[in-house]
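Structural description and commentary
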Amino acid sequence: MAKIIWGIDPLAASRIHQPEGECPLSAADFARLGIPARKCPRVRQELARLAAECDKPTLEKLAVQIARRLW
């Protein structure tokens, strides 16, 4: 059980029940960054939670990192 608890990213787990805002990146931005369409909904969901804390260039870098980690 401890492996499961410590294997979860605490920062990601803390954002689970936070309300989502509007994602500042459009579908054209995702295409320009090279993120496949099948990964866009999940990346958009994560970025919506982070939108209030980051500016657009930072969100673009995070979008690429999030997309790389998704299957």
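This section reports on the structure supplied with the text. (Residues numbered from 1 in each chain as written. Predicted model: local features only at pLDDT ≥ 70, side-chain atom pairs only at ≥ 80, totals over all residues. Heavy atoms only, no water.)

With 13 residues, the main nonpolar core has Cys 23, Leu 25, Phe 30, Ile 35, Val 43, Leu 47 and Ala 63 as its most contacted residues. Where this core is concerned, the elements lending two or more residues are helix H4 (40-50) and helix H5 (56-69). Sort the elements by how many residues they give to this core and H4 lands first, with five residues. Beyond its immediate chain neighbours, meaning those up to four positions away, Leu 25 contacts Phe 30, Arg 44, Leu 47, Lys 56, Leu 59, Glu 60 and Ala 63. (Core = buried A, V, L, I, M, F, W, Y, C linked by side-chain atoms within 4.5 Å. Buried < 20%, exposed > 50% of the residue type's maximum accessible area, 1.4 Å probe, protein only. Helix = DSSP H or I, 4+ residues; strand = E, 2+ residues; numbered from the N terminus. Contact = heavy atoms within 4.5 Å.)

To continue, consider the environment of Ile 66. Position of Ile 66 among the secondary structure elements: in helix H5. Between the alpha carbons of Ile 66 and Ile 35 there is a distance of 9.7 Å; along the sequence they are 31 residues apart. The residues contacting Ile 66, other than those within four sequence positions of it, are Val 43, Glu 46 and Leu 47.

On to the pattern of salt bridges. Across all of its chains, the model carries five salt bridges by this definition. Here Arg 32 and Asp 29 are joined by a salt bridge, their closest N and O atoms 3.5 Å apart. Of this pair, Arg 32 and Asp 29 both sit in helix H3 (residues 27-33), three residues apart, which is roughly one turn of the helix. By relative accessible area, which is 52% here, Arg 32 ends up exposed. With a shortest N-O distance of 3.2 Å, Glu 46 and Arg 49 are connected by a salt bridge. Here Glu 46 pairs with Arg 49, and both are found in helix H4, just three residues apart, close to one helical turn. On the basis of relative accessible area, Arg 49 is assigned to the buried category, the value being 15%. Overlapping salt bridges bring together Asp 29, Arg 32, Lys 56 and Glu 60 as one network. (Salt bridge = Lys/Arg side-chain N within 4 Å of Asp/Glu carboxyl O.)

Those residues of H4 that fall on the buried side of the exposure criterion are Cys 40, Val 43, Glu 46, Leu 47, Ala 48, Arg 49 and Leu 50. The elements touched by buried residues of H4 are H3 and H5.

A separate point is the side chain of Glu 60. Tracing the backbone through its elements, the reader meets Glu 60 in helix H5. On the basis of relative accessible area, Glu 60 is assigned to the buried category, the value being 18%. With residues near it in sequence (within four places) discarded, Glu 60 still touches Leu 25, Arg 32 and Leu 33.

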